[in-house]
Amino acid sequence: METLILYGKPVAERVRDRLKQRIRELEQRGIRPGLAVVLVGENPASKVYVRSKARSCGELGILSETFRLPEHTEQKALNALVEKLNADSRFHGVLVQLPLPQQIDEKQIIHRILPLKDVDGFHPVNIGRLVLGEETYLPCTPAGIMEMLSYYRIPVSGKHVVIVGRSNIVGKPMANLMYQKSEGANATVTICHTGTDNMKQYTRQADILIVAAGVPEMITAEMVKEGATVIDVGVNRVPDPGRKKGYRLAGDVAFDTVKEKTAAITPVPGGVGLMTIAMLMQNTVKAAEDHV
Ligand code: NAP
């Protein structure tokens, strides 16, 4: 059986096409969606993500502004900027790029962003709504994965979904989306983490295996069931002196060998990563609509 490669591009394009119509409708009412992005310090991956977010906004006609603060920024200064952006009516979405430097308490910042402007979907109010199955701003990466599964018509209801990783931004919201009694979900969910004994016994049971651990190529073919769907969230920079940049991007799944066993698999890059930004655009447009 031929393996289906789940590229993010056509799915992200479909999301953006739908947004164009919604943005036109907002424009007719004199509203231009706006996103404020805060970048603290010089984390190279964060700089790349922030640039992509601004580019994506530009392509859709969403107003975007990036606020850059130095690495040594103190909590008080960042708090003050978030408050200012909360109050700025040009911005319907406010996003503080994670991770933040050590001296900053990330939780305090996430809690400070107005839930109605929390387009990352990380605020406890929005996470609470997600758990309760209420409409909310969904965290972008898990929401993007749901969109991908729907686009490629991969059945979820009644399936066993195994998630490796329990972070607040990927693993936990992913699990909560998957078990909801709703269309496109309704799965049975298992979550693995560093406390899981003999992880292979769980991953091998997965109809859909979602990996968000941040460990390059940790999932090998023997850990995957024949015919499974594998979603690789990992984006890892692996040193590679043969390349101009000095590194290559690797997922959490050993793609070449795992692919042979799966019915469908996402590539890295070119898979889930493209969805995250598309869903951020969607949340920003929703925030503009909700503010009216
Ligand atoms: P994170 O906060 O570091 O969480 C990693 C999770 O994986 C933790 O729950 C950890 O368990 C678990 N884990 C780590 N090593 C493990 C192992 N050997 N066995 C079992 N579980 C293990 O990471 P994250 O923010 O969720 O990100 C995960 C990966 O996804 C990273 O590569 C990141 O770059 C990527 N990512 C990609 C996108 C995208 O748009 N494509 C978006 C977000 C993240 P414990 O809880 O026990 O420590």
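Treat the numbers as computed from the prediction; the structure is a model and nothing was measured.

About the criteria used
- Residues numbered from 1 in each chain as written.
- Predicted model: local features only at pLDDT ≥ 70, side-chain atom pairs only at ≥ 80, totals over all residues.
- Heavy atoms only, no water.
- Pairing = 2+ DSSP bridges.
- Helix = DSSP H or I, 4+ residues; strand = E, 2+ residues; numbered from the N terminus.
- Contact = heavy atoms within 4.5 Å.
- Axes fitted to C-alpha atoms, helices over the stretch in contact; angles between N-to-C directions.
- Phe/Tyr/Trp six-rings, centres within 6.5 Å; stacked < 30°, edge-to-face > 60°.
- Buried < 20%, exposed > 50% of the residue type's maximum accessible area, 1.4 Å probe, protein only.
- Parallel < 35°, antiparallel > 145°, perpendicular 65-115°, else oblique.
- Nonpolar A, V, L, I, M, F, W, Y, C, P; charged D, E, K, R; others polar.
- Salt bridge = Lys/Arg side-chain N within 4 Å of Asp/Glu carboxyl O.

A. Representation of the sheet that holds strand S8 (residues 229-232). Read from one edge to the other, the open sheet built from six strands follows the order S1-S11-S8-S7-S5-S6, with strand pairing classed as parallel. Each of the sheet's edge strands pairs with one partner strand only, and the pair in question is strand S1 (4-5) and strand S6 (188-192). Alignment of strand S5 (residues 160-164) against S6, held across five bridges, turns out to be parallel. Residue pairing in the sheet places His 160 in a bridge with Thr 188 of S6. In the packing of helix H7 (residues 171-178) onto the sheet, contacts are made with S5, S6 and strand S7 (208-211), and the angle to S5 comes to roughly 170°.

B. Examining the packing of aromatic side chains more closely. Inspection of the entire model under this criterion finds two aromatic pairs. When the centroid spacing of 5.9 Å and the interplanar angle of 85° are considered together, the rings of Phe 67 and Phe 91 count as edge-to-face. Of the two residues, Phe 67 sits in strand S3 (residues 63-69) while Phe 91 sits in the loop between helix H3 (75-87) and strand S4 (93-96), which places them 24 residues apart along the sequence. Across the pair, exposure class does not vary: Phe 67 and Phe 91 are buried alike. Ring centres of Tyr 151 and Tyr 152 lie 4.9 Å apart, and the angle between their planes is 75°; this geometry places the pair in the edge-to-face category.

C. View of the packing of helix H6 (residues 140-151) against helix H10 (residues 272-291). Between H6 and H10, the shortest axis-to-axis distance is 8 Å and the interhelical angle comes to 105°. Here H6 is positioned roughly perpendicular relative to H10, judged by the angle of their axes. Contacts between H6 and H10 involve Cys 140, Thr 141, Ala 143, Gly 144, Ile 145, Glu 147 and Met 148 from the former and Val 272, Met 275, Thr 276, Met 279, Leu 280 and Asn 283 from the latter. Its residues assigned to classes, the contact of H6 with H10 shows eight nonpolar, four polar and one charged.

D. Summary view of the pattern of salt bridges. For the structure on display, the rule yields 15 salt bridges. Between Lys 20 and Asp 17 there is a salt bridge, with the nearest N and O atoms lying 3.4 Å from each other. Here the residue Lys 20 and the residue Asp 17 both occupy positions in helix H1 (residues 9-28), the gap between them amounting to three residues, near one helical turn. Put simply, Glu 135 and Lys 286 hold a salt bridge, and the shortest N to O gap is 2.3 Å. Placement of Glu 135 in the loop between helix H5 (124-132) and H6 and of Lys 286 in helix H10 is noted, with a sequence separation of 151 residues between them.

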